[in-house]
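Here is what each chain is made of, one letter per residue.
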Amino acid sequence: MIDSLPKAELHLHIEGTLEPELMFLLAERNGIDLLYSSVEEVRQAYQFTDLQSFLDIYYAGAQVLQTEQDFYDLTWAYLERCQQDNVVHTEIFFDPQTHTDRGIQFGTVFEGIDAALQDGRKKLGISSQIIMCFLRHLSAESAMATFEMSKPWHSRMIGVGLDSSELGHPPEKFTEVFEKARQAGLKTVAHAGEEGPADYIWGALEALKVSRVDHGVRCLEDEKLVNYLVEEQIPLTVCPLSNIKLCVFDNMADHNIKTMLDKGLCVTVNSDDPSYFGGYINANFHSIQKALKLSHQDLYKLIRNSFVASFLEPEVLAKHLSELDSQYKELSNA
Ligand code: HPA
Ligand code: ZN
């Protein structure tokens with residue numbers, strides 16, 4: 001059921017799909033020396049103790065991305081994985097500052113990613129949107145400069161987001177740039193309540209006026225917040241394998257996604273940085289299904305939420321939902 005149903009992915013950092021094999025290929029193509037001598041050694045290094053220990057390695061890995069073709073190849077490889085996992089719609093994040101701060105032009109990054117997404121639509125039938133994330137460990141001024149620089153591409157992105165080191169960088173730091181983004185017609189989302197407290201989720205809602213919260217697993221520490229999220233049906237884009245790799249939970253059996261679902265929260269399943277966390281979207285579903293004994297109804301609800309929580313136009317959304325519902329019915333009757 002997990003493998004065969006169509007689904008959407010809403011929390012995916014395109015830089016986090018860089019597989020070690022492609023990292024080596026791009027390093028060679030661009031004449032860059034890697035710290036690792038083999039693909040196996042790279043995978044060995046992917047052992048993290050928290051978010052920051054991951055980010056250090058993740059930003060280092062992204063250095064091999066230099067040309068428009070590199071960003072195209074990265075994105076195309078992800079789309080091929082989408083096809084395997086029956087992802088029919090994806091809303092992907094990219095981190096412009098990771099690239100512009102080392103001298104890569106904004107347009108090089110954006111055009112490479114977008115060209116692959118356009119080919120994904122034509123050749124694979126996968127629809128997509130782009131969300132530009134600001135790095136929260138950098139200053140509000142840097143975010144604002146990035147926003148200004150990105151103006152020529154605003155009509156080709158659906159929204160802005162906020163990622164990187166959460167603790168010590170509350171959402172309120174970025175109130176002004178998010179306000180500008182909304183004025184420009186962009187939607188807003190933000191990572192909150194991954195490592196940071198429930199208060200950061202309130203901050204994302206109140207100061208940044210987000211339509212979705214990325215991660216949000218710490219919301220259960222605040223009953224009033226849970227009630228609000230349920231009432232408003234604010235989606236939470238949960239990333240189970242990521243949470244285990246970054247030690248947000250000790251084991252998958254301790255993950256709170258089933259509790260969140262049972263409370264009526266609009267939760268979705270996503271892969272975050274699949275190359276670094278050991279699995280794409282279906283692997284995330286299989287892992288929680290096994291550890292938390294999810295029912296068919298639970299899985300169906302999670303998959304249905306992925307479309308409901310997306311930024312798809314109402315008519316297109318309705319089509320996806322009716323397709324999903326009829327496939328689920330067929331499976332249930334089989
Ligand atoms: N959290 C914060 N920043 C990130 C993540 C994440 O899970 N992945 C890539 N950047
Ligand atoms: Zn993320």
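These numbers were taken from a predicted model, which means no experiment stands behind them.

1. A short note on the overall build of the protein
Point 1. Helix and strand content of the protein: 16 helices and eight strands.
Point 2. The C-alpha radius of gyration computed for the protein amounts to 19 Å, which stays within 12% of the reference 20 Å derived for 334 residues, consistent with globular compactness.
Point 3. Taking the principal axes of the C-alpha coordinates as reference, the protein spans close to 55 × 40 × 40 Å.
Point 4. Sorting the 334 residues of the protein into buried and exposed places 57% on the buried side.
Point 5. Taking as baseline every contact in the protein between residues at least 6 positions apart, the subset at least 24 positions apart corresponds to 75%.
Point 6. In the protein, 28 positive and 50 negative side-chain charges are present, and the distance between their average locations comes to 5 Å.

2. Details of the site of ligand 1
Point 1. Around ligand 1, a shell composed of H13, L51, F54, L55, Y58, D163, S164, H191, E194, H215, D272 and D273 is seen.
Point 2. Contact distances for ligand 1 include 2.8 Å between a nitrogen atom and a backbone N or O atom of S164.
Point 3. Within the side chain of H215, a nitrogen or oxygen atom sits 3.1 Å from an oxygen atom of ligand 1.
Point 4. Burial of ligand 1 by the protein amounts to 100% of the accessible area it has alone, namely 260 Å².
Point 5. Taking a 2 Å distance to the grid points as the criterion, the majority of the atoms of ligand 1 fall inside the largest cavity.
Point 6. By residue number, the principal contributor to the shell around ligand 1 is helix α3 (residues 51–61), which donates four residues.
Point 7. Partitioning the shell around ligand 1 into residue classes produces four nonpolar, four polar and four charged.

3. Overview of the sheet that holds strand β4 (residues 159–163)
Point 1. Taken together, the eight strands give an open sheet; going across it, the order is β1-β2-β3-β4-β5-β6-β7-β8, and neighbouring strands pair in parallel fashion. Taken across any chain shown, the strands that pair with only one partner, and hence form the sheet edges, are β1 (7–13) and β8 (267–269). Taken over all neighbouring pairs, the strand axes of this sheet differ in orientation by 25° on average, direction set aside.
Point 2. Pairing between strand β3 (residues 127–135) and β4: five bridges, direction parallel. The residue of β4 that forms the bridge with C133 is G161.
Point 3. Where helix α6 (residues 106–124) meets the sheet, its contacts fall on β2 (87–94) and β3, and the angle it forms with β3 comes to roughly 155°.

4. Overview of empty space enclosed by the protein
Point 1. Considering all chains together, one arrives at one cavity of 30 Å³ or more under this definition.
Point 2. By volume, the largest cavity is sized at about 90 Å³.
Point 3. What lines the largest cavity is a set of 16 residues, among which H13, L51, F54, L55 and D273 lie closest to the centre.
Point 4. Looking at the lining of the largest cavity, the element that brings in the most residues is α3, giving five residues.

5. Some words on the coordination of the zinc ion (ligand 2)
Point 1. Ligation of the zinc ion (ligand 2) by protein atoms is provided by H11 (NE2), H13 (NE2), H191 (NE2) and D272 (OD), these donors lying 2.0 to 2.2 Å from the ion.
Point 2. Here the zinc ion (ligand 2) is ringed by four donor atoms whose angles at the metal span 83 to 174°, and the overall shape comes out irregular.
Point 3. Mapped onto the sequence, the donors of the zinc ion (ligand 2) take the spacing H-x1-H-x177-H-x80-D. Here the residue H13 occupies a position in strand β1, and H191 occupies one in strand β5 (residues 187–192), the gap between them amounting to 178 residues.

6. Details of the side chain of D222
Point 1. Following the sequence through the fold, D222 ends up in the loop between β6 (212–215) and α10 (223–232).
Point 2. Of the side chains bearing the opposite charge, K224 lies closest to the buried D222, which forms no salt bridge; the N-O distance is 6.6 Å.
Point 3. A polar contact of 2.8 Å, which involves the side chain of D222, links it to the side chain of W202.

7. Quick notes on the pattern of salt bridges
Point 1. Taken as a whole, this structure holds 17 salt bridges when the rule is applied.
Point 2. Of the charged contacts, one joins K258 and D298 as a salt bridge, the two residues approaching to 3.0 Å between their closest N and O atoms. Highlighted residues: K258 in helix α12 (residues 257–262) and D298 in helix α15 (residues 296–308), separated in sequence by 40 residues.

8. Some words on the packing of aromatic side chains
Point 1. Following the criterion strictly, the structure yields 18 aromatic pairs and no others.
Point 2. Taken together, a centroid distance of 4.1 Å and an interplanar angle of 10° make the contact between Y300 and Y328 stacked. You can see Y300 sitting in helix α15 and its partner Y328 sitting in helix α16 (residues 314–333), a full 28 residues away along the chain. An identical accessibility class is assigned to Y300 and Y328; each is buried.
Point 3. A network of ring pairs unites the aromatic residues Y46, F48, F54, Y58, Y59, Y276 and F277 as a single cluster.
Point 4. When the ring centre of W76 is taken as origin, the NZ or CZ atom of K123, which lies over that ring, is 6.0 Å away.
Point 5. The ring of F311 carries R212 above its face, with NZ or CZ at 4.1 Å from the centroid.

9. Focus on the state of the cysteines
Point 1. One pass over the structure, following the stated rule, counts zero disulfides.
Point 2. C133 takes part in no disulfide bond, and the closest cysteine sulfur to it belongs to C239, at a distance of 12 Å.
Point 3. You can see C247 has no disulfide; the closest cysteine sulfur is in C239, sitting 15 Å from it.

10. Details of the environment of F48
Point 1. Examined against the element boundaries, F48 turns out to sit in the loop between α2 (39–45) and α3.
Point 2. Along the chain, F48 and L246 lie 198 residues apart, while their C-alpha atoms are 5.8 Å from each other.
Point 3. Sequence-distant contacts of F48, that is, excluding residues within four places in its chain, are made with S53, F54, I57, K245, L246, C247, Y276 and F277.

The rules behind each value
Residues numbered from 1 in each chain as written. Chains lettered and ligands numbered in written order. Predicted model: local features only at pLDDT ≥ 70, side-chain atom pairs only at ≥ 80, totals over all residues. Heavy atoms only, no water. Helix = DSSP H or I, 4+ residues; strand = E, 2+ residues; numbered from the N terminus. Rg over C-alpha atoms; globule rule 2.2 N^0.38 Å. Buried < 20%, exposed > 50% of the residue type's maximum accessible area, 1.4 Å probe, protein only. Contact = heavy atoms within 4.5 Å. Lys, Arg positive; Asp, Glu negative; His and termini not counted. Charge placed at Lys NZ, Arg CZ, Asp CG, Glu CD. Near = heavy atom within 4 Å. Polar contact = N/O pair within 3.5 Å; in protein donor to acceptor, adjacent residues only side chain to side chain. Areas by Shrake-Rupley, 256 points an atom, 1.4 Å probe, with all protein chains shown as cover. 1 Å grid on protein atoms, 1.4 Å probe; cavity = no way out; pocket = protein on both sides within 12 Å on 5 of 7 lines; lining within 4 Å. Sits in = over half its atoms within 2 Å of the grid points. Nonpolar A, V, L, I, M, F, W, Y, C, P; charged D, E, K, R; others polar. Pairing = 2+ DSSP bridges. Axes fitted to C-alpha atoms, helices over the stretch in contact; angles between N-to-C directions. Points joined across faces, edges and corners; volume = space filled by probe spheres on them. Donors = N, O, S within 2.8 Å, 3.2 Å for Na, K, Ca; no water. Tetrahedral: all angles 85-135°; square planar, octahedral: opposite > 155°, others 65-115°. Salt bridge = Lys/Arg side-chain N within 4 Å of Asp/Glu carboxyl O. Phe/Tyr/Trp six-rings, centres within 6.5 Å; stacked < 30°, edge-to-face > 60°. Lys NZ or Arg CZ within 6 Å of the ring centre and 35° of its normal. Disulfide = S-S within 2.5 Å.

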